[in-house]
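Each chain, letter by letter, is given below.
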Amino acid sequence: MVGSSVALAYWCGIGDYAIRTLGTESTRRIYLSKPYEPGIRTVEFSLDPQVEPDTTSKHSITVKYVGENYSASKAESYCYDAVLDIRMKK
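Structural notes, computed from the coordinates.

Cut-off values and rules
Residues numbered from 1 in each chain as written. Predicted model: local features only at pLDDT ≥ 70, side-chain atom pairs only at ≥ 80, totals over all residues. Heavy atoms only, no water. Pairing = 2+ DSSP bridges. Helix = DSSP H or I, 4+ residues; strand = E, 2+ residues; numbered from the N terminus. Axes fitted to C-alpha atoms, helices over the stretch in contact; angles between N-to-C directions. Polar contact = N/O pair within 3.5 Å; in protein donor to acceptor, adjacent residues only side chain to side chain. Contact = heavy atoms within 4.5 Å.

1. Some words on the sheet that holds strand β2 (residues 44-46)
Spatially, β2-β1-β3 is the arrangement adopted by the three strands of the open sheet, whose pairing is antiparallel. Sheet topology places β2 and β3 (69-71) at the edges, where each strand pairs with a single neighbour. The sheet shows a mean angle of 35° between the axes of neighbouring strands, direction not considered. As judged from the three bridges shared by strand β1 (residues 29-34) and β2, these two strands associate in the antiparallel manner. Paired with Y31 across the two strands is S46, which belongs to β2.

2. Notes on the pairing of β1
Regular strands have side chains that alternate between both faces of the sheet. Sheet topology note: the β1/β3 ladder contains three bridges and is antiparallel. Each residue of the ladder has a partner; that of Y31, found in β3, is N69.

3. Looking at the side chain of S71
Turning to its location among the elements, S71 is positioned in strand β3. A polar atom in the side chain of S71 sits 3.1 Å from the backbone nitrogen of K74. Among all residues touching S71, those that are not within four sequence positions of it are S26, T27, R28 and R29.

Shown next as structure tokens:
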């Protein structure tokens, strides 16, 4: 099972890559196109939805469902949450 900290790392990575490397606008949506599979530990993202995206408000971050999506800036913001969490645990 993917814990929320693992999901944060995936979203952080794609948000950072989309903005810094691809030059994606911060408001552009990033969609999960291939969910996490135990044993494989990879996910795939797309800038175009593969299915009708779920636009309901979520209380947890996951990489389990095709169509999960965040803006590039929201995804990248999880990088800062991870840094703060590491610093607080020391």
